[in-house]
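The residues making up each chain are set out below.
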Amino acid sequence: MKYIEVNPRTYDSYMPTYVKTNTDAVECTNVYTQSRSSVTEALDSIDKLKPIKWRNVSSAFPTSPWFDVECIAEYGSGSSRVSVAVGRPKVVNGVVGCSILYRVGSGNWRKATTASGTGTSNFAFCSVACNDAGLWVAGGEDDSIVAYSNDGASWTVVDYGGSDSFRYTNVATDGTDFIIAPGEMLTAEQEAEGQEWYGACDRVFKSSNGSTWTKVDLPGTEYIGTIHYANNKYIIANTWSDTWFESADGNTWTSISGLPYKDWHSLAYANGVWTGVAYDDWSKECAIFSTDNGETWQLAEMPSTGYWNSVATNGAIFLAVKSLENWAYTSTAAVSCDGEHWIQIHLNRLGNWKSVCYHDNRWIIAKGDSSMFNLAALYDVQCKNDFVSSFIYGQ
């Protein structure tokens, strides 16, 4: 193994991540009591830098998936690890791509099919999750659909909406059951009255098998941005609202008030800290964190503005990626150990980065244009009060 330390200095977005190969870690203790500048100065002393490369794991894609990735997830380990990527099919030269890809272990990526064998090209998906038993659920972007699978390869698509219509379906699991939280809805009654646009949503749906879904009412009507389960609770982050929702079991929901108005897109939890990221091309205050299990939240400043799409954790640090900065593709990402202090890192290429996850001792991030890159591992601090930005690179 080779330990690699990140330098937080801001370089041109076209430059790669800069690192120093050394077995010594740089520490900045008691990060909660130190300012952002002191953390940055401690890490900024690193010299003898050289680029770090993300390993491309999409070279084994099918020859013509033509696929815009929206979300990635993994289950299992080693040679039996299943990786699933969901998104939108693209049409190239009249040929329609797919919307779900999967692979087992380090094998080739393959195009998933529905149970009827018709493929997944007729659908678009924006979220995916897997429970502890290996059951997968993918949330549809339109048409009130979800898909479920026991292996990531064969999927069954179901309509959960009944007479009402839903879209932008977010998915989360507590390890057993699933909750889907549609971002928007158009009820049959609204449609009968001539309404054509989708509005805010007042419900979620719960399932243990992915096939049958039970409606659960929310305590308010909101445009839902994302849902995440951690530390014995679900949290729903709503967009452009001062109210979020939380639940211990997915059956009874209560409101969390006093949230900042942002276009929240992703949540993560580790070591007593919840954090979230948002779209914001005008302000760097596009992160949020909570140290009391989601009851109160504070804004945090990211290293740069942009469309921060996704945040994930390895249990020690958070890694956030974004798709756009000033309406252009970007090579920047950000890391934090506490959700409050974020340091910019640079990827080795530009992209509209859509999703990040950590599983089986490795990070994987995805661009929206069929490219995925893998870092063997990104390990960090022994405890949350130590800031040690060490990458372990290679296997």
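Residues numbered from 1 in each chain as written. Predicted model: local features only at pLDDT ≥ 70, side-chain atom pairs only at ≥ 80, totals over all residues. Heavy atoms only, no water.

1. A few points about the sheet that holds strand β14 (residues 136-140)
Read from one edge of the open sheet, five strands run β12-β16-β15-β14-β13, paired in mixed fashion. With one partner strand each, in any of the chains shown, β12 (113-114) and β13 (125-130) form the two edges of the open sheet. With two bridges connecting them, β12 and strand β16 (residues 154-159) associate as parallel partners. Bridge pairing in β16 links T113 to S154. (Pairing = 2+ DSSP bridges. Helix = DSSP H or I, 4+ residues; strand = E, 2+ residues; numbered from the N terminus.)

2. So, the sheet that holds strand β22 (residues 233-238)
The strand order across the open sheet built from four strands is β21-β22-β23-β24, with neighbouring strands paired in antiparallel fashion. The sheet terminates laterally at β21 (224-230) and β24 (254-257), the two strands that pair on one side only. Direction aside, the axes of adjacent strands within the sheet are offset by 25° on average. For β22 and strand β23 (residues 243-247), the ladder comprises three bridges, and the chain directions are antiparallel. By the bridge assignment for β23, Y234 is matched with S247. (Axes fitted to C-alpha atoms, helices over the stretch in contact; angles between N-to-C directions.)

3. Comments concerning the packing of aromatic side chains
This structure, assessed with the given rule, holds eleven aromatic pairs. On the numbers, 5.3 Å between centres and 80° between planes, the contact of F166 with F205 is edge-to-face. With F166 in strand β17 (residues 165-173) and F205 in strand β19 (residues 201-207), this residue pair connects regions lying 39 residues apart in the sequence. Accessibility assignment for this pair places F166 and F205 in one class, buried. A network of ring pairs unites the aromatic residues Y160, F166 and F205 as a single cluster. (Phe/Tyr/Trp six-rings, centres within 6.5 Å; stacked < 30°, edge-to-face > 60°. Buried < 20%, exposed > 50% of the residue type's maximum accessible area, 1.4 Å probe, protein only.)

4. Notes on the pattern of salt bridges
Under the definition given, this model contains 15 salt bridges. Linking K354 and E70 is a salt bridge whose minimum nitrogen-to-oxygen distance equals 2.8 Å. On the criterion of sequence distance, the pair formed by K354 in strand β33 (residues 353-359) and E70 in strand β6 (residues 67-75) is long-range, its members being 284 residues apart. Each of E70, R88, E141 and K354 takes part in one network of salt bridges that share partners. (Salt bridge = Lys/Arg side-chain N within 4 Å of Asp/Glu carboxyl O.)

5. Details of the environment of S255
Examined against the element boundaries, S255 turns out to sit in strand β24. The spacing of S255 and T243 is twelve residues in sequence and 6.4 Å in space, taken between C-alpha atoms. Setting aside residues no more than four positions away along its own chain, S255 makes contact with P219, T243, W244 and F245. (Contact = heavy atoms within 4.5 Å.)

6. Regarding the nonpolar core
Among the nonpolar cores identified, the biggest contains 28 residues, and W244, W297, M302 and W342 are the most heavily contacted of them. No other element matches strand β25 (residues 263-270), which puts five residues into this core. With residues up to four places along the chain from it excluded, the contact list for W297 reads I235, W244, I256, L259, L267, W274, T275, I288, F289 and S290. (Core = buried A, V, L, I, M, F, W, Y, C linked by side-chain atoms within 4.5 Å.)

7. Re the side chain of R203
Note that R203 resides in strand β19. Given the relative accessible area of 9%, R203 is considered buried. In this structure the side chain of R203 is engaged in a polar contact, spanning 2.9 Å, whose partner is the side chain of D164. Reaching out from R203, the side chain makes a polar contact with the side chain of D202 at a distance of 2.8 Å. Discounting residues that sit within four places of it in the chain, R203 has contacts with D164, F166, P182, M185, T187, K215, V216, D217 and L218. (Polar contact = N/O pair within 3.5 Å; in protein donor to acceptor, adjacent residues only side chain to side chain.)

8. As for the pairing of β14
In terms of burial, β14 is largely enclosed, as five of its five residues are buried. With burial as the criterion, each face of β14 is covered, one bearing W136, A138 and G140 and the other bearing V137 and G139. The pairing of β13 with β14 spans five bridges and is antiparallel. Counted as the bridge partner of F125 is G140 from β14. In this structure, the hairpin formed by β13 and β14 is closed by a connection of five residues, where G134 is found at a positive phi of approximately 85°. Counted along the chain from β14 to the antiparallel partner strand β15 (residues 145-149), the turn is four residues long, and its residue D143 has a positive phi close to 65°.

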